[in-house]
Amino acid sequence: MSLVTDSPVNSSSSDDFAAFLDDELDSGSSNSSPEDENDNDNDLESERTKRRKVEKLENIEELQGSTSHTSLEQTVDASIKKDECTHPGSFGDMCILCGQRLAAESGVTFGYIHKGLRLQNDEIDRLRNTDMKNLLRHKKLYLVLDLDHTLLNSTQLIHLTSEEEYLKSQSDSLQDVSKGSLFMVNFMHMMTKLRPFVRTFLKEASEMFEMYIYTMGDRAYALEMAKLLDPQREYFSSRVISRDDGTQKHQKGLDIVLGQESAVVILDDTENAWTKHKENLILMERYHFFASSCHQFGFNCKSLSELKSDESETDGALATVLKVLKRIHNMFFDELEDNLIDRDVRQVLKTVKKDVLKGCKIVFSRVFPTKYQAENHHLWKMAEQLGATCAIELDPSVTHVVSTDVGTEKSRWAVKQNKFLVEPRWIEAANYLWQKQPEENFSVNPSKNQ
């Protein structure tokens, strides 16, 4: 693998840095003996020192002309000591720039780019700044994509129910995965179903974003799923991050993504995985194709596979969120007035989200526990994030009463005043779909409460 062509580092680094990384890959051949590697490392370090001396000599001779060679050597040696390498990163224990052996490992690990690669914070910042400018010139942002329950659903073969056994005879060929959506990955004893619309989603999203995969699965699983989603390596290249690459257990973080946080959008079904980056997150409705997935999350119902059904290609979660991403991309590049480099996609996310229930005034009835501080309930907060106004008391400006019981005083008022009486799921659906949903689909059914 060429790190220069396959790595996101290449898209943001200077030519000398990219060339050095390739040199490191070439010199790290598995055919070399340990003794050869040590000799090569020493030769490399010696050669770089000589080259730096020559460069210094040339510069100084231009300025001083007749100065003696001995005094120039002394000046160069002093200059090199003063201008020592800052060691921006390392492969194992060797600096990526000067080749010096480092006493201790430091910096952030970017093992998904290349095994053993570590980068210091200053170098990470430099790479991000350079890459950001390059992406903005091409009108692109960053998109970090979760795998399980977002782009696909997987299950162990032993967990297939008797009603799912038919799937084994309907799986698609691994010889040309671009034409299939249901795959048996036998060496992993697993079956995977790609979410409807995923291939169109990735194709269109790639025109607006530089994309990463980021999963809590292990590296072997992440790479195998990447092959199913991106067999030609045209969308993700080496930007496939697994739990093995994370810096914090059970958490995902943008510290190992070579993109500015102000330009990153995240799609994931698990909000708690991104405790430090919730403002970048679009929460996805979970894709439960297999029965084991339903059971994992406590749903005692038939799965899509057991019902021999699936999400809609045109109206499903990925088709819906693609529209949202297009709206965000358009607003970021075409509607904001401040300088491009100063724009923040997190503010765009907030603005787009606040349009969803704009103009709605909501009162809740028996949705919260008695004596609970209503303003602290997640549904109250969710409604406000979607642009609604929430209130405790009824008044003529109220547009919606949210309840599960048609018999409450506030529910009866809503019916009498011809206001919308909806279940809490109406707010949750708007939150997932980033679009106000038809109230008649979430009306409170009197028969449930009589």
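Residues numbered from 1 in each chain as written. Predicted model: local features only at pLDDT ≥ 70, side-chain atom pairs only at ≥ 80, totals over all residues. Heavy atoms only, no water.

Peer 1: Which parts of the structure should I look at to understand the overall build of the protein?
Peer 2: Secondary structure summary: the protein contains 14 helices and 16 strands in total. Contacts in the protein between residues far apart in sequence, at least 24 positions, make up 64% of those at least 6 positions apart. Accessible surface computed for the protein: about 23300 Å², of which carbon and sulfur atoms make up 46%. (Helix = DSSP H or I, 4+ residues; strand = E, 2+ residues; numbered from the N terminus. Contact = heavy atoms within 4.5 Å. Areas by Shrake-Rupley, 256 points an atom, 1.4 Å probe, with all protein chains shown as cover.)

Peer 1: Explain the nonpolar core to me, please; I cannot follow it from the model alone.
Peer 2: Considering soluble globular proteins, one finds that nonpolar side chains tend to be buried as a cluster. Grouped together as the largest cluster of nonpolar side chains are 79 residues, with contacts concentrated most on F110, L143, F201 and I282. Per element, the largest residue contribution to this core is eleven residues, and it comes from helix α10 (residues 317–335). In this structure, I282 is in contact with V265, I266, L267, D268, V321, V324, L325, I328, L349 and W434, ignoring residues within four places of it in sequence. Formed by 22 residues, the second largest nonpolar core is a distinct cluster that contains L357, W380, A388 and C390. (Core = buried A, V, L, I, M, F, W, Y, C linked by side-chain atoms within 4.5 Å. Buried < 20%, exposed > 50% of the residue type's maximum accessible area, 1.4 Å probe, protein only.)

Peer 1: Honestly, unusual backbone geometry in this entry has me stumped. Any pointers?
Peer 2: Peptide bonds are, in most cases, trans, and in most cases residues other than glycine have a negative phi. Here K139, not a glycine, exhibits a phi torsion of approximately 55 degrees, which is positive. Topologically, K139 is positioned in the loop between α6 (121–137) and β5 (141–145). In this model, K308 sits at a positive phi of 50 degrees, which is unusual for a non-glycine residue.

Peer 1: I'm lost on the state of the cysteines in this one. Help?
Peer 2: Think of a disulfide as a covalent bridge from one cysteine sulfur atom to another cysteine sulfur atom. Taken as a whole and assessed by the stated rule, the structure comprises zero disulfides. Looking at the unpaired C95, the closest cysteine sulfur is the one in C85, lying at 3.7 Å. What makes C95 buried here is its relative accessible area of 0%. (Disulfide = S-S within 2.5 Å.)

Peer 1: Got a minute to help me understand the pattern of salt bridges in this structure?
Peer 2: Two side chains of opposite charge can pair, provided their charged atoms sit close to one another. One pass over the structure, following the stated rule, counts 23 salt bridges. When the shortest N-O distance is used, the salt bridge between E163 and K302 registers 2.6 Å. Of the two residues, E163 is situated in the loop between β6 (152–156) and β7 (182–185) and K302 in the loop between α9 (291–296) and α10; the sequence distance between them amounts to 139 residues. Residue class for E163 comes out partly exposed when judged on its relative accessible area of 35%. In this structure, K252 and D268 form a salt bridge, with 2.8 Å as the shortest nitrogen-oxygen distance. Of this pair, K252 sits in the loop between β10 (240–241) and β11 (264–268) while D268 sits in strand β11, and the two are 16 residues apart along the sequence. Note on K252: relative accessible area 5%, which makes it buried. According to the relative accessible area criterion, D268 is buried, its value standing at 1%. Residues joined in a network through salt bridges with shared partners are D146, K252 and D268. (Salt bridge = Lys/Arg side-chain N within 4 Å of Asp/Glu carboxyl O.)

Peer 1: Is there a simple way to think about the sheet that holds strand β8 (residues 190–194) in this case?
Peer 2: Sheets are built from strands paired through backbone hydrogen bonds, the pairs being either parallel or antiparallel. One open sheet accounts for three strands, arranged β6-β8-β7; its pairing is antiparallel. Edge positions in the sheet fall to β6 and β7, since each of these pairs with one other strand and no more. Taking each pair of neighbouring strands and ignoring which way they run, the sheet shows an average axis angle of 20 degrees. Sheet analysis places β6 next to β8, joined by five bridges and oriented antiparallel. The residue of β8 that forms the bridge with N153 is K193. Lying over the sheet, helix α8 (residues 219–229) contacts β6, β7 and β8, oriented at roughly 45 degrees with respect to β8. (Pairing = 2+ DSSP bridges. Axes fitted to C-alpha atoms, helices over the stretch in contact; angles between N-to-C directions.)

Peer 1: Which parts of the structure should I look at to understand the side chain of T192?
Peer 2: Checked against the element boundaries, T192 lands in strand β8. What makes T192 buried here is its relative accessible area of 0%. A distance of 2.8 Å separates the side chain of T192 from the side chain of S154, its partner in a polar contact. Setting aside anything within four residues of it in sequence, one finds T192 in contact with L152, N153, S154, S181, L182, F183, M225, L228 and F290. (Polar contact = N/O pair within 3.5 Å; in protein donor to acceptor, adjacent residues only side chain to side chain.)

Peer 1: I'm lost on the confidence of the model for the protein in this one. Help?
Peer 2: As a note on interpretation, predicted positions should not be read in detail where pLDDT is low. Residues with a pLDDT of 70 or more make up 81% of the protein, whose mean pLDDT is 85. The model gives residues 53–69 a pLDDT under 50, and that stretch makes 18 contacts with residues more than four places away or in other chains. (pLDDT = per-residue confidence, 0-100.)

Peer 1: What am I meant to see in the sheet that holds β11 here?
Peer 2: Strand order in the open sheet made by the five strands is β10-β9-β5-β11-β12, with parallel pairing throughout. Each of the sheet's edge strands pairs with one partner strand only, and the pair in question is β10 and β12 (281–283). Relative to β12, β11 runs parallel, the two sharing three bridges. Within β12, the residue paired with I266 across the bridge is L281. The strands touched by α10 are β5, β9 (209–214), β11 and β12; relative to β12, the strand with the most contacts, the crossing angle is about 155 degrees.

Peer 1: What should I look at first to understand α6 in this one?
Peer 2: Structurally, the α-helix is built with 3.6 residues per turn, so residues lying three or four positions apart point the same way. Between its first and last C-alpha atoms α6 spans 24 Å; for 17 residues at 1.5 Å apiece the expected length is 24 Å, and the two agree. If you check which residues of α6 are buried, you get E123, I124, L127, R128, D131, M132, L135 and L136. Directly beyond the C-terminal end of α6, a positive phi value near 55 degrees is found at K139. (Expected span 1.5 Å × (residues − 1).)

Peer 1: What am I meant to see in the pairing of strand β13 (residues 361–365) here?
Peer 2: Regular strands have side chains that alternate between both faces of the sheet. Of all five residues that make up β13, five are buried, and the element is covered over most of its length. Of the two faces of β13, the one lined by K361, V363 and S365 and the one lined by I362 and F364 are each fully buried. The pairing of β13 with strand β14 (residues 389–391) spans three bridges and is classified as parallel. Opposite K361, over in β14, you have T389 as the bridge partner. Each parallel crossover has a hand, and the one from β13 via helix α12 (residues 378–385) to β14 is right-handed. As defined by bridge partners, β13 adjoins strand β15 (residues 400–403) across four bridges and the pair is classed as parallel. By the bridge assignment for β15, F364 is matched with V402. (Right-handed = clockwise from strand over helix to strand, strands pointing away.)

Peer 1: Can you walk me through the environment of N280 in this structure?
Peer 2: Considering the arrangement of structural elements, one finds N280 in the loop between β11 and β12. Taking the C-alpha atoms as reference points, N280 and V265, separated by 15 residues in sequence, lie 5.1 Å from one another. Leaving out residues up to four positions away in the same chain, N280 has contacts with L254, E261, V264, V265, I266, R346 and L349.

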